[in-house]
Amino acid sequence: TFKLLGILDVENIPCARDSVLYGSLGSVVAGLGHFLLTSRIRRSCDVGVGGFLLVTLGCWYVFHCRYNHAKLRIQERMAREGIKNKILYESTHLDPQRKPADGSG
Amino acid sequence: MPYPFQLGFQDATSPVMEELLHFHDHTLMIVFLVSSLVLYIISLMLTTKLTHTSTMDAQEVETIWTILPAIILILIALPSLRILYMMDEINNPSLTVKTMGHQWYWSYEYTDYEDLNFDSYMIPTQELKPGELRLLEVDNRVVLPVEMTIRMLISSEDVLHSWTVPSLGLKTDAIPGRLNQTTLMGVRPGLYYGQCSEICGSNHSFMPIVLELVPLTYFEKWSVTML
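About the thresholds
Residues numbered from 1 in each chain as written. Chains lettered and ligands numbered in written order. Predicted model: local features only at pLDDT ≥ 70, side-chain atom pairs only at ≥ 80, totals over all residues. Heavy atoms only, no water. UniProt positions renumbered as here; feature names shortened; annotations may be inferred. Helix = DSSP H or I, 4+ residues; strand = E, 2+ residues; numbered from the N terminus. Contact = heavy atoms within 4.5 Å. Salt bridge = Lys/Arg side-chain N within 4 Å of Asp/Glu carboxyl O. Polar contact = N/O pair within 3.5 Å; in protein donor to acceptor, adjacent residues only side chain to side chain. Nonpolar A, V, L, I, M, F, W, Y, C, P; charged D, E, K, R; others polar. Buried < 20%, exposed > 50% of the residue type's maximum accessible area, 1.4 Å probe, protein only. Pairing = 2+ DSSP bridges. Axes fitted to C-alpha atoms, helices over the stretch in contact; angles between N-to-C directions.

**Overview of the UniProt feature "domain: Cytochrome oxidase subunit II copper A binding" (unreviewed entry) in chain B**
Logical step 1: UniProt records the feature "domain: Cytochrome oxidase subunit II copper A binding" (unreviewed entry) at residues 92-225 of chain B, using the numbering of this structure.
Logical step 2: Taken end to end, residues 92-225 of chain B is 7% helix and 43% strand, and its two terminal C-alpha atoms sit 27 Å from one another.

Structural data, given as structure tokens:
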């Protein structure tokens with residue numbers, strides 16, 4: 001298995017692969033763009049690394065990744081609870097969808 | 001169960017373990033980014049012709065590299081404390097199971113309703129059937145109902161042991177003369193393996209724990225057959 005820096009298992013962690021790929025892309029774009037504009041090599045390298053860190057962080061935490069995963073996990077858990085409760089409470093007095101009995105039980 | 005060349009955690013089987021996996025990913029990403037930055041700065045240090053050696057103060061950069069790590073540490077500490085308190089939430093277990101560590105096996109007692117006791121020894125390698133896991137299989141598994149909160153009371157009859165099931169995020173020491181408690185809630189049926197996690201003598205590596213989580217009806221049938 002491929003491990004970035006020897007420790008980060010990008011293949012299996014959700015969002016990690018996308019974040020690192022977008023980060024690398026952002027780093028190359030930022031570094032190259034800065035160099036083409038200013039022709040300063042060392043500063044462009046710094047901008048490249050900075051771009052990598054910021055884009056990876058941004059993609060990981062903010063844009064569509066962890067935040068959405070967290071929302072999805074909460075929804076999954078609510079759905080699972082809901083299914084369990086529906087089975088548990090079906091046709092008891094706690095069932096919210098129960099039609100009132102018409103006297104014959 | 002563990003698999004060859006595994007480097008991460010096993011898949012989570014309880015809500016707490018899911019949270020722990022999520023937190024681990026978050027912390028590992030921070031570690032990874034900080035390490036990359038440090039590696040880059042080291043390479044900068046090694047490839048510069050600037051050799052100004054009489055700098056007396058550098059207020060701005062010192063402020064940044066004090067405040068930023070403090071913020072990062074807070075971002076790690078807050079989820080960590082949240083999970084810590086989540087693990088100690090009051091829940092109402094429906095079942096209590098006691099486990100006693102011995103040299104070198106575990107014994108289990110289900111004494112809520114009837115008196116059910118059994119020992120759980122590892123199956124020696126020579127007696128394994130094809131497909132069974134070496135050093136992990138036991139003769140009597142701990143059968144428990146799935147999707148129910150279960151209280152585990154853990155202690156020891158002789159020396160220190162530790163009752164571990166990594167897939168559920170459980171690791172609790174078995175200390176002679178002390179009763180430790182942990183709660184268990186599996187969300188999927190299946191077999192979950194663990195091994196003794198406190199050195200306890202020559203066969204410390206040979207006293208595994210196997211949890212068999214099954215629907216409640218199967219658990220009830222099993223407990224009747226074991227009585």
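So much for the structure itself; the text now carries on.
**Some words on the UniProt feature "transmembrane region" (unreviewed entry) in chain B**
Logical step 1: When the UniProt feature table is mapped onto this chain, "transmembrane region" (unreviewed entry) is found at residues 27-46 and 66-85 of chain B.
Logical step 2: Span residues 27-46 of chain B is 100% helix and 0% strand, its end C-alpha atoms 29 Å apart.

**So, the interface of chain B and chain A**
Logical step 1: The partner chain A presents 23 residues to the 22 residues of chain B that form the contact.
Logical step 2: Counting the contacts that link chain B with chain A gives three salt bridges.
Logical step 3: Linking chain B with chain A are six residue pairs in polar contact (both at pLDDT 80 or more), by the criterion used here.
Logical step 4: Among the residues making up the side of chain B that touches chain A, the classes are represented as twelve nonpolar, six polar and four charged.

**Re the pattern of salt bridges**
Logical step 1: In this structure the tally under the stated criterion is six salt bridges over all chains.
Logical step 2: B:Glu19 is the salt-bridge partner of A:Arg77, the closest N and O atoms lying 3.8 Å from each other. Residue A:Arg77 is found in helix 3 (residues 66-89), and its partner B:Glu19 is found in helix 1 (residues 15-46); the two belong to separate chains.
Logical step 3: B:Glu19 sits in the buried class, given a relative accessible area of 7%.
Logical step 4: Across the pair B:Glu19 and B:Arg82 runs a salt bridge whose closest N-O atoms are separated by 2.9 Å. With B:Glu19 in helix 1 and B:Arg82 in helix 2 (residues 59-87), this residue pair connects regions lying 63 residues apart in the sequence.
Logical step 5: Within the structure, one salt-bridge network assembled from shared partners comprises A:Arg77, B:Glu18, B:Glu19 and B:Arg82.

**What about the sheet that holds strand 3 (residues 116-120) of chain B?**
All names here are of chain B.
Logical step 1: Pairing is mixed across the open sheet formed by five strands, whose spatial order is 3-2-1-5-8. The open sheet is flanked by strand 3 and strand 8 (180-184), the only strands paired with a single partner. Adjacent strand axes in the sheet meet at a mean angle of 25 degrees, parallel and antiparallel pairs treated alike.
Logical step 2: This element, helix 3 (residues 216-226), spans strand 1 (95-102), strand 2 (105-110) and strand 3 of the sheet and lies at about 85 degrees to strand 3.

**Let's talk about the pairing of strand 10 (residues 208-214) of chain B**
Residues and elements named next belong to chain B.
Logical step 1: Burial analysis of strand 10 places six of its seven residues in the buried class, the great majority of the element.
Logical step 2: Sheet topology places strand 4 (residues 142-145) next to strand 10; four bridges connect them, and they run parallel. Each residue of the ladder has a partner; that of Val143, found in strand 10, is Glu212.
Logical step 3: Where strand 9 (residues 190-195) meets strand 10, six bridges bridge the pair, whose relative direction is antiparallel. In the sheet register, Tyr193 faces strand 10, and the bridge partner there is Val210.

**Observations concerning the environment of A:Ala70**
Residue and element names in this part refer to chain A.
Logical step 1: Positionally, Ala70 belongs in helix 3.
Logical step 2: Look at Ala70 and you get partly exposed, because its relative accessible area is 28%.
Logical step 3: On a C-alpha basis, the gap between Ala70 and Ser24 in space is 24 Å, while along the polypeptide they are 46 residues apart.

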